[in-house]
Amino acid sequence: DIGVTGVQTCALPIWQAFTETNWQTNGNSTELLFGGLVFRPYYVVDGQQRLLTITTLLSAICRHQALTDTDRADIEHAFLLVKHEGHECYRFGYEVDLPSHRYLIQKIYKNQDSDEVETAYTDNLLRSRNFFDEKLSDLSTGELRQLVKKVTSSFQFNYYEVDETLDVFVVFETMNYRGRPLSKLELLKNRLLYLSTLLPLETRPQLRKKINDCWKLIHEWLAKNRDDVLKDDDFLRIHWIMYFRHAQNRKELGSMAEVEKDLLDVRFTKKGIKSGKITAEYIQDYVHNLGVSVQKWFELNFPTHPQSDLPESVRDWVGRINMLRPLSLFRPIILALLQKAHPESEAVSLLKEIERHEFLVFALAGCRADANQAHFYRRVNYFFVGNLEIYNLIQNIRSKAHDFYNQSRFQDNVLYWFDNGDGDDRGFSEWKHIEYFLLEYENTLREQQPGELLLGWKKHPFERVYPKSVERDPSWHSDFDEVYSPARCRKLCNSLGNLVLLSRPRRPLEMQYTSFEEKKRHPVLVNQANTEAGYFNGSFSEREVASFENWTHKEILERGVKMLGFMTNRWNISLAEDFRRTLTQVNFSVETPE
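Residues numbered from 1 in each chain as written. Predicted model: local features only at pLDDT ≥ 70, side-chain atom pairs only at ≥ 80, totals over all residues. Heavy atoms only, no water.

(A) Summary view of the side chain of E353. In this structure, E353 sits in helix α15 (residues 344-364). Residue E353 is classed as buried on the basis of its relative accessible area, which comes to 7%. Setting aside chain neighbours within four positions, we find E353 in contact with I394, I397 and R398. (Helix = DSSP H or I, 4+ residues; strand = E, 2+ residues; numbered from the N terminus. Buried < 20%, exposed > 50% of the residue type's maximum accessible area, 1.4 Å probe, protein only. Contact = heavy atoms within 4.5 Å.)

Here is the structure:
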């Protein structure tokens, strides 16, 4: 929104009152006659944020109760707005067709409710206004007058009026490569607006409106989850991978630097306009899909959000993938899938295969983060435009997963977890995907109980049943420390069968309950009432552990083999029982305490 902006801007809906007859041409300049004054509009190429900050501060000063009506009128007339016959003309603002303009006028300048859609930019405007209101609250009338004098008289600006023969869009782009740059998404918008001025005159108004409307939609959806605003360039990068076809012989693909270079130096250029490759229709099609994609990008990132229209089964599998690998290499493919009219069953089949690939290749085999990335980045556009059938894509994903996963790699990965780390911080407890696996195991137990709801796809706390040495009560010694070596005790502590997903984080006072019997059931005080808590009424994984009479080496090995058996069924891999016992890392002889 903050690229090219009008300095002299009128508040909506008053702007519509200024028809072409109100504007006069004086030589090479266009002027607006209003209230006996002559206004000449300027585009601010660099320094817009500074001017906006100053006007926001001055408007906050004008709202201060300690300011006199005369002071307020003088500041408004000189620096903020001109009033004439019931109309208002603001001296500084966004261009009228940009979404932040109404918000700036209504909420920031006038301190009224705004009917404009809130975005990350409007959030920043409101945060700025509230900041100044808070800082000014304790100032006296004299202090406010002194502040106005400093702001309006002491600031120094280097002012350059750009010759009208220079293109303002090109100047803007050049200036914003210096200092702190704008996002690539904003630079792209400026470039598209610039190219629209080179196309036939009759296409310009409609194309400009489509571009501005699209960016309004983009910023609305990127900021729809107020607690977790999505980044401009993350969206632009994934969309670029999906929308354009990429060379098959490239090993590297998808860096943000490459996206910027391709969009601004190759695809959307003045040369493309001259050659006829870039047309109004070409830009419109691209902009249209940006608008379609941004809603699906939001749903991809927040599948369970109330604003998501995804079917329940699709939400479920997208949520799984997001938890398993938040930066999954399949995000461009998922973005394409969510825009296509595939039957729900086919969409779920593809998502299941993606989740399986991510679990096998990265969670089990421990491959590099870019394994298979270039391969699927080069194929996503074929799927997006309909040249790659969903069935063939599913088969391709399955095949590529098996290129990287095998039992030997999984075993090597397990050995790495147990051989690295400090003290008891090693083994399955240090597996990067342990929360995901334990959650999947928990939900499988829940599915076996009629009417039980599954837990949501986010990290849940887990703990070691047999505690770490620094947390261990002497009650554990007779079954572990007095029987096994410290190295074997460490393996028992961090073996898969000893880890349990909790229904809630442990309260500090509960940490003292370290014996197995106390972990299963212990008294707690809740809302000044005595009750009992523990594994017996916790998650279904906790209840499973509570069903054991004792907790020793035997139970840890038995449960670990069972959980790895669940893994073989859930992800359709072959893990023989002997191999599963080896993977637990506690398949040594079970010794009987003397």
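(B) Highlighting unusual backbone geometry. Positioned with a positive phi, N111 is a non-glycine residue whose angle comes to about 60 degrees. One non-glycine residue, N372, lies in the positive phi region at around 70 degrees.

(C) How the structure looks around the packing of aromatic side chains. Within the structure shown, the criterion is met by 31 aromatic pairs. An angle of 70 degrees between the planes, with centres 5.5 Å apart, marks the rings of F131 and F132 as edge-to-face. Given a relative accessible area of 44%, F131 falls into the partly exposed group. Here the basic side chain of R245 rests over the ring of Y382, its NZ or CZ set 4.0 Å away from the ring centre. The side chain of K340 reaches across the aromatic face of F383, ending 5.2 Å from its centre. (Phe/Tyr/Trp six-rings, centres within 6.5 Å; stacked < 30°, edge-to-face > 60°. Lys NZ or Arg CZ within 6 Å of the ring centre and 35° of its normal.)

(D) Up close: the nonpolar core. Residues F359 and M567 are the most contacted members of the largest nonpolar core, which totals 110 residues. In terms of residue count, the dominant contributor to this core is α15 (11 residues). L52, I61, L67 and L81 belong to the second-largest nonpolar core, a separate cluster that totals 26 residues. (Core = buried A, V, L, I, M, F, W, Y, C linked by side-chain atoms within 4.5 Å.)

(E) Highlighting the pattern of salt bridges. Tallying each qualifying case throughout the model produces 32 salt bridges. Taking the shortest distance from any N to any O, the salt bridge between R320 and D316 comes out at 2.2 Å. Highlighted residues: R320 and D316, both in helix α13 (residues 312-324), separated by 4 residues, approximately one helical turn. The salt bridge involving E463 is made with K519; its shortest N-O contact spans 3.6 Å. Here K519 lies in helix α22 (residues 516-520) and E463 lies in strand β9 (residues 462-464), a separation of 56 residues in the sequence. The class for E463 is buried, based on a relative accessible area of 14%. Residue K519 is classed as buried on the basis of its relative accessible area, which comes to 10%. (Salt bridge = Lys/Arg side-chain N within 4 Å of Asp/Glu carboxyl O.)

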